[in-house]
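Here is how the chains run, residue by residue.
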Amino acid sequence: MRNVYESLFFRTTDGELVPWLAESGDFSGNQWTIRLRQGITFHSGAELTAEAVKANLDYILDPDNAAGTQTLIPDVTGVEVVDTYTLRITTAEPNPDLAAQLTDVLIADPSVFAEAGAEALNENPVGTGPYRVERWQRDTELVLAAYEGYWQGRPAIDRVIFRVIPDTQARLAALLNGEVDLVPGVPPEMIAQIEADPAVRIEEVPGRQVIYVGMNLMRPGPLSDRRVRQALNYAVDADLIIDTILEGHATRNAAGLTAINAAYDPAIEPYRHDPERARQLLAEAGYAGGLTLDFHTPQGRYLKDYEAAQELARQLEAVGIRTNLQTHEWGTFLEMARSHTITDLYLIGLSDRTFAARRLVLHGDFGTSLRQSESALARVLEVAPNSLILAGLAVLVSLLIGVPTGVLAAVRRGSWIDRAAVAAATLLQSMPNFWVALMMILVFSVRLHWLPTGGMRGPESYVMPVAALAFLTTARFVRLVRSSVLDELGSDYTRTARSKGLAERVVVFKHVLRNALNPVITMTTLQLGTLFGGSVVTETVFAWPGLGRLMVDSIGYRDYPVVLASVTVIGATFAVLNLVTDVIYAVINPVVRYE
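What you are looking at is a predicted structure, and each value in this text was computed from that prediction instead of being measured.

Engineer: Looking at this structure, I do not really get the overall build of the protein. What am I missing?
Structural biologist: Counting its regular elements, the protein contains 20 helices and 15 strands. Expressed as a percentage of its 595 residues, the buried residues of the protein come to 43%. For the protein, long-range pairs separated by at least 24 residues make up 66% of all intrachain contacts whose partners lie at least 6 apart in sequence. With an accessible surface of roughly 30400 Å², the protein has 56% of that area assigned to carbon and sulfur atoms.

This is the structure in structure tokens:
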């Protein structure tokens with residue numbers, strides 16, 4: 001969001017700390033005097049003043065607001081306005097590093113959050129950056145437009161669109177289809193394939209994230225001995241992991257900072273790979289016969305994290321350090337990190353943020369999302385209609401195709417039509433949903449360029465998600481309707497109707513079909529409820545901002561309020577659908593009566 005918001009100070013790409021919204025900053029003792037640039041305006045047109053900056057800092061420092069950025073300036077004890085463009089910040093002790101800490105404190109228009117709180121900025125982000133928010137469809141896309149009044153001049157690019165495409169394959173398909181211009185996080189094994197396309201170029205840029213193996217030194221054991229810790233470093237061949245698992249697309253670091261981080265020291269050299277030295281240190285520490293350590297790693301959180309952990313375990317075992325490798329999905333891993341229950345070794349990324357747990361509130365209030373600091377129920381209700389629309393359209397398409405096909409197959413039992421319908425239904429039921437979705441993207445987006453790869457951006461974006469969900473549901477309707485109609489065709493009342501000379505068309509549509517539809521109604525409501533809360537694969541592949549995708553993401557991040565609200569909404573939806581089913585039974589079937 002640094003395109004929308006800016007900070008008082010900023011670090012350039014080479015790590016230099018420079019004034020930004022601030023014109024200068026001087027400190028003496030435990031006070032900083034910061035002078036703001038004049039003539040800077042928020043996207044609302046309001047001027048950036050010392051009062052506006054103070055309002056931001058006061059809000060962050062107020063413990064009742066539980067602002068996540070409060071930890072960035074923990075020693076600030078007071079903020080005072082000196083004049084229109086000057087403010088004085090007091091710290092508990094002399095802090096020459098305050099300007100660096102303020103680089104991550106983004107300044108917003110205080111008129112937006114003064115009354116409604118910081119949550120108002122989720123709906124109306126207003127900063128001083130080069131771009132303003134033109135449109136935001138959560139979990140789908142963010143559209144930024146150039147801010148005409150930007151203090152450094154209007155940006156060269158008029159509009160920037162950020163699309164949310166969680167699935168890697170779908171993201172790359174969108175790139176190859178020409179729907180997006182840039183995608184991050186390309187898997188190493190796919191780089192050669194992408195480079196083969198003359199219209200696409202791979203650019204490798206340095207990043208700030210460092211993947212490392214941490215050691216739990218808070219419990220007694222072998223790791224409390226420095227020689228064991230040194231042996232671990234000598235045992236690992238990091239260059240081999242980079243060259244093989246990451247296919248050369250990574251850089252080795254000697255410490256927790258990369259070359260583009262401030263305070264990076266290129267003079268620090270990494271440990272060399274020396275298995276003999278590792279064994280020697282272990283022997284000196286009293287572990288000549290080896291030792292066993294627990295090794296925890298997330299799976300799917302970082303690029304090739306599990307594969308790297310496996311290779312690390314193999315290298316450690318080669319010097320006598322056996323590992324009990326344990327993999328966790330990210331939510332479980334994060335919870336273990338919070339509760340300090342990770343033992344011995346763990347693989348993690350240095351740039352991850354720490355999330356503070358908050359209490360869950362029941363009695364109709366599910367509390368606040370731990371990820372996005374807004375009402376959990378409001379978040380669920382925001383995306384629920386998207387899933388309901390997708391599920392409803394899929395069920396409607398399935399009914400329009402499945403019911404006539406099932407009736408025709410039953411009436412023409414044994415014919416080629418019947419055999420073809422049964423074969424097609426069996427084939428459709430055997431195709432995995434994720435495979436269907438990816439094949440549709442490959443054919444209709446990448447090859448034919450007929451349809452967009454994903455997102456909720458217009459009528460054409462509904463076609464593939466609805467079709468992917470309707471495949472399996474249509475097959476079920478065909479088989480169910482065929483079976484139900486066959487049962488009714490062999491019933492006594494059908495034989496009676498035929499004996500009275502009624503035309504076969506009248507027998508089927510007036511008598512048989514009406515009774516055969518009861519199980520179809522049940523199937524319809526069950527499928528609607530199932531697709532409403534269970535279309536996570538389709539929603540993820542097609543970047544559809546729905547309830548299934550939200551719930552799985554929330555489970556992964558242990559966002560309990562959102563998970564609880566999601567499950568409750570899905571359960572309530574099933575209850576309502578069951579009630580509607582009972583009412584429809586009574587309307588279409590005269591045999592059914594409710595007292």
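Engineer: So what exactly am I meant to see when it comes to the pattern of salt bridges here?
Structural biologist: For side chains bearing opposite charge, pairing can occur when the charged atoms are close. The full count for this structure, using the stated rule, is 16 salt bridges. Among the ionic pairs, arginine 163 bridges to glutamate 179, the shortest N-O distance being 3.1 Å. Of this pair, arginine 163 sits in strand 11 (residues 159-163) while glutamate 179 sits in the loop between helix 5 (168-176) and helix 6 (191-195), and the two are 16 residues apart along the sequence. For arginine 163, a relative accessible area of 16% corresponds to the buried category. Residue class for glutamate 179 comes out partly exposed when judged on its relative accessible area of 22%.

Engineer: Help me understand the nonpolar core in this model?
Structural biologist: Across soluble globular proteins, you tend to see nonpolar side chains buried next to one another. By size, the foremost hydrophobic cluster in this structure holds 40 residues, and its most contacted members are Leu8, Ile34, Leu57, Ile73, Leu87, Ile89 and Leu102. Of all elements in the fold, only strand 5 (31-36), helix 1 (50-61), strand 6 (76-83), strand 7 (86-91), helix 2 (98-101), helix 3 (110-113), helix 4 (120-123) and strand 10 (141-146) reach the threshold of two or more residues within this core. With six residues, the top contributor of residues to this core is helix 1. Those residues in contact with leucine 87 that sit more than four places away from it in its chain are Trp32, Thr33, Ile34, Leu36, Ala50, Val53, Leu57, Val79, Glu80, Val81 and Val82.

Engineer: Looking at this structure, I do not really get the sheet that holds strand 12 (residues 211-215). What am I missing?
Structural biologist: The pairing of strands in a sheet happens through backbone hydrogen bonds and is either parallel or antiparallel. Here four strands make up an open sheet; going across it, the order is 12-15-13-14 and the pairing mixed. The outermost strands of the open sheet, each flanked by one partner alone, are strand 12 and strand 14 (321-328). Going across the sheet, the axis of each strand differs from the next one's by a mean of 30 degrees, ignoring polarity. In this sheet, strand 14 lies alongside strand 13 (residues 291-298) in parallel orientation, the contact comprising eight bridges. Along strand 14, the bridge assignment pairs threonine 297 with threonine 327. The strands touched by helix 7 (residues 226-235) within the sheet are strand 12, strand 13, strand 14 and strand 15 (345-349), with strand 12 carrying the most contacts at an inclination of about 155 degrees. Along the sheet, helix 11 (residues 330-339) makes contact with strand 13, strand 14 and strand 15, crossing strand 13 at roughly 120 degrees.

Engineer: What is the right way to read the packing of helix 7 against helix 9 (residues 275-284) from this model?
Structural biologist: A pair of packed helices is captured by two measures, namely the crossing angle of their axes and the spacing between those axes. The N-to-C vectors of helix 7 and helix 9 enclose an angle of 165 degrees; their axes lie 8 Å apart at closest approach. When the interaxial angle is binned, helix 7 and helix 9 end up roughly antiparallel. As helix 7 runs across helix 9, the sense of the crossing is left-handed. Note on element contacts: helix 9 touches helix 7 through Pro275, Arg277, Ala278, Leu281, Leu282 and Glu284, opposite Arg227, Val228, Gln230, Ala231, Tyr234 and Ala235. For the contact of helix 7 with helix 9, the class distribution of residues is eight nonpolar, one polar and three charged.

Engineer: Would you take a moment to explain the environment of glutamate 311 for this structure?
Structural biologist: Of note, glutamate 311 is situated in helix 10 (residues 305-317). Relative accessible area serves as the criterion here: at 15%, glutamate 311 is assigned to the buried category. In this structure glutamate 311 touches Leu240, Ile241 and Ile245, once residues within four positions along its chain are discounted.

Engineer: Could you clarify how one ought to interpret the side chain of asparagine 216 in this entry?
Structural biologist: By secondary structure assignment, the location of asparagine 216 is in the loop between strand 12 and helix 7. Those residues in contact with asparagine 216 that lie beyond four places of it in its chain are Leu223, Ile342, Thr343, Asp344 and Tyr346.

Scoring rules and cut-offs
Residues numbered from 1 in each chain as written. Predicted model: local features only at pLDDT ≥ 70, side-chain atom pairs only at ≥ 80, totals over all residues. Heavy atoms only, no water. Helix = DSSP H or I, 4+ residues; strand = E, 2+ residues; numbered from the N terminus. Buried < 20%, exposed > 50% of the residue type's maximum accessible area, 1.4 Å probe, protein only. Contact = heavy atoms within 4.5 Å. Areas by Shrake-Rupley, 256 points an atom, 1.4 Å probe, with all protein chains shown as cover. Salt bridge = Lys/Arg side-chain N within 4 Å of Asp/Glu carboxyl O. Core = buried A, V, L, I, M, F, W, Y, C linked by side-chain atoms within 4.5 Å. Pairing = 2+ DSSP bridges. Axes fitted to C-alpha atoms, helices over the stretch in contact; angles between N-to-C directions. Parallel < 35°, antiparallel > 145°, perpendicular 65-115°, else oblique. Left-handed = near helix turned anticlockwise from the far one by under 90°. Nonpolar A, V, L, I, M, F, W, Y, C, P; charged D, E, K, R; others polar.

In short, shape yes, function no, at least from these values alone.
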